[in-house]
Amino acid sequence: MLEIKNLCAKVGDKQILKGINLTVKPGEVHAIMGPNGSGKSTLSYILAGRDGYEVTDGQVLYEGKDLLSMPTEVRSREGVFLAFQYPVEIHGVTNKYFLKAAVNAKLKHQGKTEMSAGQFLSFVKEKAKIVEMDEALLSRQVNAGFSGGEKKRNEILQMAALEPKLAILDETDSGLDIDALKIVSHGINAMRSPERAFVVITHYQRLLDYVVPDFVHVLSGGRIIRSGGKELAHQLEKEGYAEFAGAKG
Amino acid sequence: MKEAVLEKSPLEVEFEQAAPYLPAGEIPWVERLRKRSFERFTQIGFPEEKNPGWKFFPASKVQETLWKLFEFPLNARAGDLKDSSLFSHEDFFSLLFLNGHYLSDLKSPHSEGFIAGSLSALLKNNPERFENFWGHRPVGNLGAFEALNGAFFQDGAAIVLPREFVSPKPIHLFFFNRPSNHASMTHPLNLIALGPRAKAVVIQEYAGEPGACLTNTLTEIFLDEGAQLDLIIIEREGAGAFHLESIAVHQASHSRFSASSVFLGESSSRQEVQVELQGEDAECLINGLYRSNGSQSKNIKTTITHSKSRTKSIELYKGILNGQGKAAFEGLIVVKPEAQKTDASLYNKNLILSEESQVHTSPEFKIEADDVRCKHGSAIGQMDANALFYLKSRGFGEKEAKEALLYAFQSEVVNSIPVESVRLAVLELLSKKSGLERSFDGL
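Keep in mind that what you see is a predicted model, and the values were worked out from it rather than measured. (Residues numbered from 1 in each chain as written. Chains lettered and ligands numbered in written order. Predicted model: local features only at pLDDT ≥ 70, side-chain atom pairs only at ≥ 80, totals over all residues. Heavy atoms only, no water.)

Residue and element names in this part refer to chain A. Across the sheet, which stays open at both edges, the 4 strands sit in the order β2-β1-β4-β5 with antiparallel pairing between neighbours. Only two strands of the sheet have a single partner each, and these edge strands are β2 (14-24) and β5 (65-66). Strand direction decides the pairing type here: strand β1 (residues 2-11) and β2, joined by 8 bridges, are antiparallel. Of the residues in β2, the one forming a bridge with Ala-9 is Leu-17. The strands touched by helix α1 (residues 40-48) are β1, β2 and β4 (54-62); relative to β1, the strand with the most contacts, the crossing angle is about 110°. (Pairing = 2+ DSSP bridges. Helix = DSSP H or I, 4+ residues; strand = E, 2+ residues; numbered from the N terminus. Contact = heavy atoms within 4.5 Å. Axes fitted to C-alpha atoms, helices over the stretch in contact; angles between N-to-C directions.)

A few words on the layout of surface pockets. Each pocket or cavity is described by its volume, and for the largest pocket that value is around 740 Å³. Along its surface, the largest pocket is lined by 37 residues, and Asn-141, Leu-142, Gly-143, Glu-146 and Gln-274 of chain B are the ones closest to its centre. The element contributing the most residues to the lining of the largest pocket is strand β12 (residues 241-251) of chain B, with 6 residues. Looking at the lining of the largest pocket, its residues break down into 15 nonpolar, 13 polar and 9 charged. If you list the elements that add at least two residues to the lining of the second largest pocket, you get β7 (90-94) of chain A together with β19 (343-352), β21 (373-381) and α8 (398-414) of chain B. The element best represented in the lining of the second largest pocket is α8 of chain B, accounting for 5 residues. (1 Å grid on protein atoms, 1.4 Å probe; cavity = no way out; pocket = protein on both sides within 12 Å on 5 of 7 lines; lining within 4 Å. Points joined across faces, edges and corners; volume = space filled by probe spheres on them. Nonpolar A, V, L, I, M, F, W, Y, C, P; charged D, E, K, R; others polar.)

Turning our attention to the confidence of the model for chain B. Residues and elements named next belong to chain B. Confidence in the prediction of chain B, expressed as mean pLDDT, is 90, and 95% of residues score 70 or more. pLDDT under 50 marks residues 435-443. Its contacts with residues more than four places away, or in other chains, come to 24 contacts. As a predicted assembly, this complex carries a pTM of 0.87 together with an ipTM value of 0.95. (pLDDT = per-residue confidence, 0-100.)

So, about the domain arrangement of chain B. Residues and elements named next belong to chain B. Examined at the domain level, chain B breaks down into domain 1 (10-279) and domain 2 (391-443). Here domain 1 and domain 2 have C-alpha centroids that lie 30 Å from each other. Taken residue by residue, the interface counts 15 residues in domain 1 and 12 residues in domain 2. Taking both partners together, domain 1 and domain 2 bury about 1,100 Å²; carbon and sulfur atoms supply 81% of that area. If you sort the residues of domain 1 by the area they bury against domain 2, Ile-232, Ser-260 and Leu-264 come out on top, with a joint share of 40%. Our enumeration of links across domain 1 and domain 2 arrives at 1 residue pair in polar contact (both at pLDDT 80 or more). Sorting the residues of the side of domain 1 that touches domain 2 by element identifies β9 (199-208), β11 (228-236) and β13 (256-263) as the ones contributing at least two each. The greatest single-element share of the side of domain 1 that touches domain 2, amounting to 4 residues, is contributed by β11. In terms of residue class, the side of domain 1 that touches domain 2 is made up of 10 nonpolar, 2 polar and 3 charged. (Domains from an automatic or database assignment. Buried area = accessible area lost by both parts, 1.4 Å probe. Polar contact = N/O pair within 3.5 Å; in protein donor to acceptor, adjacent residues only side chain to side chain.)

Right, dumping it as structure tokens:
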């Protein structure tokens, strides 16, 4: 589903990614862990198509197609989803409108019939239950005045509504208390399926207690320095990034 | 030998020729008001762009033009204007003015227990009633265009609500200009006076066909104790028009005034708002939206004076600049020494969509009391790149994402319009102007 080959990228003059290789197959959950500044968020932004990054070498294939040449919105409509570390507040646009437009953009892209307001409302209410989201938040402005936990739940709600093939979760656990973490994890787990792949980017291992990955990769200095199973996360947590990167990198 | 003759300005010639025919000229105080107003204008002359409060307004172009008063549109009927307005006249008490002249064949709501009608007609029948408002008006502090209005006014609306009277429908003033082959001007003068605890919604809609014309309107508002007025102003005049409006509000204690203005015309426009919070606990909410494309300019100047304690003002103007559009906002809040516990906020936010557009913003406070809560701010920015990326990452195309953010920016002001049908009409108008989808308010 996703093949990242020798991906190198820089921001301004600074080389951030120095040759990332990663293959993700449908149904798999990959965790990417690493210290601050290792390039985790850069990787997620490049995959989602944010401006400001220059890919200097390498290639990313998504379902065999060149992902990096697709416009941001086309990636979304083709089934790539990024859950933001810092979801953006959009004052003046309601959550419902935002979600409906997003879902209909995808349906239209797929040549399917767009949902009417009524159809969408019952659709989204079902989805909101997955993340135990208060329906009132649907009528509020996008993320405006939402608590940290509500924002992250809103990201998972968007994921549930868009039903992506590839979901990239960028530090979705950051800023969550334990209850919110459980709800968010439950939402993610409910979406796991043989057709859907996840790339879970996290600094800490605690999310991985709830969303158990098939593979764990350690990103450090712009490269994946180690890959392994879920036990790698525990080892990392115990030893710390500095020691780990020093000894094994 | 010829005598040296001082050359008269074209406006002076026009005033001399028109004065004998201007309405209510036979009433001494009206005649005096016109004369003194014109003298005031002659004394101060046209403002220049460099004057405070006039930045970007092409006053010199107004000065260079040979203006004639619009002539009375013979054979015009109110029905002719039916499709020109955004609104269906059944929903409101509508007063229609073509080229500044009142079209009288619609039913006037006199019989409903209040007055809403043509100022010139009411002035003729009952001059004493209006002498209190204007008969002793000092002209010394009038600006140039306000003075011109005082000299040249032909008609306008007079709305007078007695004590505790609540207008059953919004009152809609529709001013439509149909310019001819020479540059024509109109100077509507409106009076809105609400008795104690009376309540009304007034909509001022200005529109017109393209062509050289000047609308220079003055609206004087008196709110008695506990009175409530919601004023909605929609300006959508045609290309080639100059639109100037001056709104002066006098508020007694516990009165409440709200104004929601949208400037969407192809014209160069200027709005001046002066609110005097003269009684304790009076409050005003002033919202505005201006859009400037092409080579248009929009100029807003507001002054809110807090004279008594526990008065409140909330002001927000938002601007969208595109093409070579220009806009200037100058907002001033004055808090007098006896206005303790004043609560005031003043904000101006501008969204710049092109490199050639220009905006000037200046929110200012003059505070002479010590126990007050005042906040102000201004912003000039481009579309938020984070928000654009967020929308695109959810499948919004570039165009849709920008339109959604544009809509979001405007909605704060549009949502302050207290009448739903007007709010929806404004949304429709905005979406036409930007190609925006109407589906935004569908959910």
